[in-house]
Amino acid sequence: MASVRYDPGSDTREVNGIFGMLLIIVDITVVIVNLATLDNASIFEGISLGISFFFLADVLLRVYVEGFNTYFSSKLNIVDACIVFVTLVIAMVFALSDVSGVALIPRMLSFLRAMRVFILIRIVRIASQRKHLEKATRQMEVARFLDTKHMDHYRVYNLCSRTGTLICAWLIDNEQCANAKESLQYFGERRTDKSMSSKFQGVETPSQSRYVGYYEILKKKYNRQLPPSKSLKIRSIRIHSITGVGKSNGSDLKVKIIVKKQNAFQCVCATQESCKLFFDAGGNAAVISLLECPVLCGDVKIMFESSAGLPKGYEDCPFYFWFNTSFIENNRLYLSREELDNPHKPKTWNIFKEDFAVELAFCDP
């Protein structure tokens, strides 16, 4: 069982950055007050010395995290380290001002400590590169663990935000869970930290859950082999329970079909460009018949946009979904509200009613 380490997150690092900036302001204030004081104010020297050690520790920590060669490959880092080192030496000299010979050093030399204002540049740079530093640190930790425990016996895949989807598929493949529903539920329960929040942290996007279901079919029906490719054309799109959605008749909708990140087809219901719109008042539905729909094969994304001001969610549209043609049965795909991306969220249910759904009718090419 892998252990889980708590990561304080970006909020803590923000606090550290603010704290560092406050220390710089305090140190500059100490310099000004110290220069304006004729007497040897040892308390100011002690404060400045403590701040100098803080920034020395900060530099050493970053050298450790980034690596010596990587850190000092930046000219800004070199200047920053020099400023920190020189100002530390000056602070130590004046903190020990009772040592013989120190009094001969011009006291105005302490003004050099104000050079630490250049560290402000460094803080801004670190804030802008914080995510890259966090990513590099995590990668080093993971690489060190894998090289120690599984040398030459592992592969690393960048899953972006699809980690949960793959884990759920693995739970099915490894027979830790019997089916997609069970794996999705199990993953969500294990990932959700109820001591921090009651918000469910599992795979929430319906299209991602759909692909977990596809993997269950792939394993059980096709013995982990890719299913036969299937080419289809969309004949029509029926939107159920259209009342209250946009103009309540589908005339405000625009449909986009995306294949391999390319816009393969688009139709505009208002002008009936590349489509015919029929409003079924008795059935409370809008039927969009597509004209000259291209042949579709593999993964397909359908996006719906509205000119009537429907609220946008993910993908900057009111609703959308993904599917794969190889898993279409009987030339029909029916997706309820809970199976559509964006309408599945309760905050949208004042617009998308309980029986809201999208139904695709296919035909062979």
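Every value quoted in this text rests on a predicted model; they were computed, and no experiment measured them.

## What about the overall build of the protein chain?
Secondary structure assignment for the protein chain yields nine helices and ten strands. Out of the 365 residues belonging to the protein chain, those deemed buried represent 38%. Accessible area for the protein chain stands at about 22,200 Å²; split by element, carbon and sulfur atoms hold 59% of it.

## What to know about the pattern of salt bridges
Counting across every chain of the model gives eight salt bridges. Of the charged contacts, one joins Arg 224 and Asp 173 as a salt bridge, the two residues approaching to 2.5 Å between their closest N and O atoms. Placement of the pair is Arg 224 in the loop between α9 (206–222) and β1 (231–240) and Asp 173 in helix α7 (residues 163–173), with a sequence separation of 51 residues. Judged by its relative accessible area of 23%, Asp 173 falls in the partly exposed class. Its salt-bridge partner being Glu 359, residue Arg 332 comes within 2.7 Å of it at the nearest N-O pair. Of this pair, Arg 332 sits in strand β9 (residues 332–336) while Glu 359 sits in strand β10 (residues 357–363); the two residues are 27 residues apart in sequence, bridging distant segments of the chain. Judged by relative accessible area, Arg 332 falls into the partly exposed class, the value being 44%. A relative accessible area of 18% places Glu 359 in the buried class.

## Here's the deal with the pairing of strand β4 (residues 275–280)
For β4 and strand β5 (residues 285–290), the ladder comprises six bridges, and the chain directions are antiparallel. Of the residues in β5, the one forming a bridge with Asp 280 is Ala 285. Between β4 and β5, which pair antiparallel one after the other, the connecting turn spans four residues, and Asn 284 there sits at a positive phi close to 50°.

Calculation criteria
- Residues numbered from 1 in each chain as written.
- Predicted model: local features only at pLDDT ≥ 70, side-chain atom pairs only at ≥ 80, totals over all residues.
- Heavy atoms only, no water.
- Helix = DSSP H or I, 4+ residues; strand = E, 2+ residues; numbered from the N terminus.
- Buried < 20%, exposed > 50% of the residue type's maximum accessible area, 1.4 Å probe, protein only.
- Areas by Shrake-Rupley, 256 points an atom, 1.4 Å probe, with all protein chains shown as cover.
- Salt bridge = Lys/Arg side-chain N within 4 Å of Asp/Glu carboxyl O.
- Pairing = 2+ DSSP bridges.

All we've got here are geometric facts, nothing functional implied.
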